Amino acid sequence: MRGVPRPGDLILTREAPVGQVALIPSGARVCLRQRTVLLRPSPRLMESRFLLYLLMSPDVQERMHARGTGSTVAHLNIKDVRCLGLGELPDVRKQHAIAEVLGALDDKIALNEQIRSTTLDLASAHYSAAKPGIPVRLADLADLYDGPHATPHKTTEGPWFLSISSLKNGFLDLTESAHLSEDDFPRWTKRIQPRGGDMLFSYETRLGDAALMPPGIKSSLGRRMALLRSKDATVSGAFLLHAYLSSAFQEEIKRRTIHGATVDRLPLKEMPGWHITLPAESERAQLSAKLDALHATVMQTANESRTLAVLRDTLLPELVTGKLRVKDAARAVEEVV
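Not measured: the values here are computed from a predicted model. (Residues numbered from 1 in each chain as written. Predicted model: local features only at pLDDT ≥ 70, side-chain atom pairs only at ≥ 80, totals over all residues. Heavy atoms only, no water.)

Considering unusual backbone geometry
Apart from glycine, the bulk of residues carry a negative phi angle, and the bulk of peptide bonds sit in the trans form. Backbone geometry at Asn169 places phi at a positive 55°, although glycine is not the residue there. Although it is not a glycine, Thr205 adopts a positive phi angle of roughly 55°.

Observations regarding the packing of aromatic side chains
Scanning the model with the defined rule gives five aromatic pairs in all. On the numbers, 5.4 Å between centres and 40° between planes, the contact of Phe201 with Tyr244 is tilted. Pair noted here: Phe201 is in strand β10 (residues 199-202) and Tyr244 is in helix α7 (residues 237-245), with a separation of 43 residues, a long-range link. What makes Tyr244 buried here is its relative accessible area of 1%. Their ring planes at 50° and their centres at 6.1 Å tell us that Phe249 and Trp274 sit as a pair that is tilted. On the criterion of sequence distance, the pair formed by Phe249 in helix α8 (residues 247-256) and Trp274 in the loop between β15 (264-265) and β16 (275-279) is long-range, its members being 25 residues apart. Look at Phe249 and you get buried, because its relative accessible area is 3%. With relative accessibility at 1%, the residue Trp274 sits in the buried group. Among the aromatic residues, ring-to-ring pairing joins Phe201, Tyr244, Phe249 and Trp274 into one connected group. Across from the ring centre of Phe171, 4.0 Å away, lies the NZ or CZ of Arg116, which sits over that ring. (Phe/Tyr/Trp six-rings, centres within 6.5 Å; stacked < 30°, edge-to-face > 60°. Helix = DSSP H or I, 4+ residues; strand = E, 2+ residues; numbered from the N terminus. Buried < 20%, exposed > 50% of the residue type's maximum accessible area, 1.4 Å probe, protein only. Lys NZ or Arg CZ within 6 Å of the ring centre and 35° of its normal.)

Looking at the sheet that holds strand β1 (residues 10-13)
Adjacent strands of a sheet pair through backbone hydrogen bonds, lying either parallel or antiparallel. In space, the three strands of this open sheet follow the order β2-β1-β3, with antiparallel pairing throughout. The open sheet is flanked by β2 (21-23) and β3 (36-39), the only strands paired with a single partner. Across the sheet, the mean angle from the axis of one strand to that of its neighbour is 20°, orientation sign disregarded. As judged from the three bridges shared by β1 and β2, these two strands associate in the antiparallel manner. Each residue of the ladder has a partner; that of Leu12, found in β2, is Val21. Sheet strands in contact with helix α1 (residues 48-56) are β1, β2 and β3, and its direction is about 165° off that of β2. (Pairing = 2+ DSSP bridges. Axes fitted to C-alpha atoms, helices over the stretch in contact; angles between N-to-C directions. Contact = heavy atoms within 4.5 Å.)

Overview of empty space enclosed by the protein
Counted by the stated rule, this structure contains one cavity of 30 Å³ or more. In this model, the largest cavity occupies a volume close to 90 Å³. For the largest cavity, the full set of lining residues is Gly170, Phe171, Leu172, Leu212, Pro214, His295, Val298, Met299, Ala302, Asn303 and Arg306. Those elements that place two or more of their residues in the lining of the largest cavity are β8 (171-172) and α9 (281-320). When residues in the lining of the largest cavity are grouped by element, the largest group, six residues, is from α9. (1 Å grid on protein atoms, 1.4 Å probe; cavity = no way out; pocket = protein on both sides within 12 Å on 5 of 7 lines; lining within 4 Å. Points joined across faces, edges and corners; volume = space filled by probe spheres on them.)

Re the confidence of the model for the protein
Close reading of the predicted structure is inappropriate where its pLDDT is low. On average, residues of the protein score 91 in pLDDT, and 97% of them reach the 70 mark or higher. The secondary-structure element of the protein with the lowest mean pLDDT is helix α3 (residues 78-82), recorded at 81, while β10 shows the highest, at 98. (pLDDT = per-residue confidence, 0-100.)

A short note on the nonpolar core
Ranked by internal contacts, the top residues of the largest apolar core, which has 34 residues, are Phe201, Tyr244 and Leu278. Among the nonpolar cores identified, the runner-up in size contains 32 residues, and Leu51, Leu55, Leu84 and Val326 belong to it. (Core = buried A, V, L, I, M, F, W, Y, C linked by side-chain atoms within 4.5 Å.)

Some points on the sheet that holds strand β13 (residues 225-230)
Pairing within the open sheet is antiparallel, and its four strands lie in the order β5-β13-β10-β11. The open sheet has two edge strands, β5 (142-146) and β11 (210-212), and neither has a second partner. On average, each strand axis in the sheet is inclined to that of its neighbour by 25°, with strand direction left out of account. Bridge count between β10 and β11: three bridges; the pairing is antiparallel. Bridge pairing links Leu200 to Ala211 in β11.

Overview of the pattern of salt bridges
Considering all chains together, one arrives at 22 salt bridges under this definition. Arg49 serves as the salt-bridge partner of Glu47, at 3.3 Å between the closest nitrogen and oxygen. Of the residues examined, Glu47 reaches a relative accessible area of 15% and is grouped as buried. Across the pair Asp209 and Arg206 runs a salt bridge, and its minimum N-O distance is 3.3 Å. You can call Asp209 buried: its relative accessible area is 16%. Assessed through its relative accessible area of 36%, Arg206 is described here as partly exposed. When salt bridges that share partners are traced, they join Glu47, Arg49 and Glu100 into one network. (Salt bridge = Lys/Arg side-chain N within 4 Å of Asp/Glu carboxyl O.)

Below, the structure is given as structure tokens:
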């Protein structure tokens, strides 16, 4: 439909990727972009948040992708969106109850994201406030490894094949990465397998971005991705991460970037010889411990959010189809929220 987006409306992507949907929150001002469609539910027939979850459900997502056309980029026509069958709908009161249950999980996930952002800001502030020392060579602090130069066959489950899109200013967002099979895993980790505490970074595109590898995640480095593994007992992975993200080293990255015709990149073979200024040696052990504790909080909230998202995605089709009673779902949510 045409119109100015307002709170309570939904925006649906029609192309690249098809079927992503978002609810416009209260107080937001949004401009409708190309390849999207605005949906405005009738309050008498449809609760906005219920429609959001309905469009996210596996059955409706499958139908949208099946209707997608195009030889190079799949897209939905407006006609396809209008004709999209949503099945038999519960009354608005029940829609509201379902949305309340699922919304409680999303609210907790959103709170975790706020905690994560605040904690990362606090870690950066602690690092910036430390007394500076003298520059040292990167090779004296850490070993550098780069990832595979190709892409494996991606699967729906299995070990993670990390993407540079997952690097988000210190945080590794696994929702932006894919999976590879157990059979392929040894091949893609022949050079190096990431482990907890490694510092991951991109050496082509998204230059300067980095994240700390969480423990207990079985994964392979993705294309255009490398890692630094600390070999100094006083410099933890979190410490190394904030040194990398510091304004001084970010300027060094900009100065040393090789500008290509199609993509900018970092000269990995030269990086071990680069110098990086760390806080004074007398402060490193204590600062490392403080940064490690803050990043433990970041990882804890991320793990909790992944668990909540799995629960939401499990409950969603059961509630939408009526296979699960709202009361039973509410009890399951109360146990974890």
